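# Structure at a glance
Spelled out, the chains give:
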Amino acid sequence: EEKSQLSAGINKLRSDNLVKVVSIIRTNMPSLSDADGEIEVDINALDRKTLWELHRYVNACLNKNKSKNKKAPAQTTASRTLQAQQAQGGSPQKKA
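Everything in this summary refers to the structure shown in the same document. Quantities reported herein were computed from a predicted structural model and do not represent experimental measurements.

This part is about the nonpolar core. Core analysis: the largest hydrophobic core is formed by 15 residues, its most contacted members being L6, L13, V21, L46, L54, Y57 and V58. Of all the elements in the fold, those that place two or more residues in this core are α1 (2-12), α2 (15-28) and α3 (48-69). In terms of residues, this core owes the most to one element, α3, which gives six residues. Sequence-distant contacts of L6, defined by excluding residues within four places in its chain, comprise I43, L51, L54, H55 and V58.

With respect to the helices, strands and loops of the structure, Y57 is situated in helix α3. Overall, Y57 belongs to the buried group, its relative accessible area being 18%. Each C-alpha atom, one on Y57 and one on I24, is 9.3 Å from the other, the two residues being 33 residues apart in sequence. Those residues in contact with Y57, other than ones at most four positions away along the chain, are L13, N17, K20, V21 and I24. Within the structure, Y57 has its side chain in polar contact with the backbone oxygen of N17 (distance 3.3 Å).

Conventions we followed
- Residues numbered from 1 in each chain as written.
- Predicted model: local features only at pLDDT ≥ 70, side-chain atom pairs only at ≥ 80, totals over all residues.
- Heavy atoms only, no water.
- Core = buried A, V, L, I, M, F, W, Y, C linked by side-chain atoms within 4.5 Å.
- Buried < 20%, exposed > 50% of the residue type's maximum accessible area, 1.4 Å probe, protein only.
- Helix = DSSP H or I, 4+ residues; strand = E, 2+ residues; numbered from the N terminus.
- Contact = heavy atoms within 4.5 Å.
- Polar contact = N/O pair within 3.5 Å; in protein donor to acceptor, adjacent residues only side chain to side chain.

Take it as geometry only, folks, not as evidence of what the structure does.
See the structure below:
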C-alpha cells in the first residue's frame, strides 16, 4: 500500500523534482545503476532508508505544489486595471 502510494507520488512529480529522486536512489543504492548510468527501479528492491527518504521528499514536493495552487484566485482584467490605476495615483473612471 505505502509503496504503491510512493510510486504514484513519484509519477506526479515534475521533471525537475525527478532529478532529486534519482539522486536519492543513486546515493543510497548505487548497485541499481548500470554502466550507462541509467536506473531501472523496482520499488520492492529499495531498502527502508531509501524508501523513507523518497517518501519524505515526494510528500514535501507534493505538499509544496498543493500550497502553491491554494493561493489567492487569479485576478480579473478589471481588477488588475483598477490596481494599476490606483498605483499610478489615478482614480478609477466609471464607464457610462
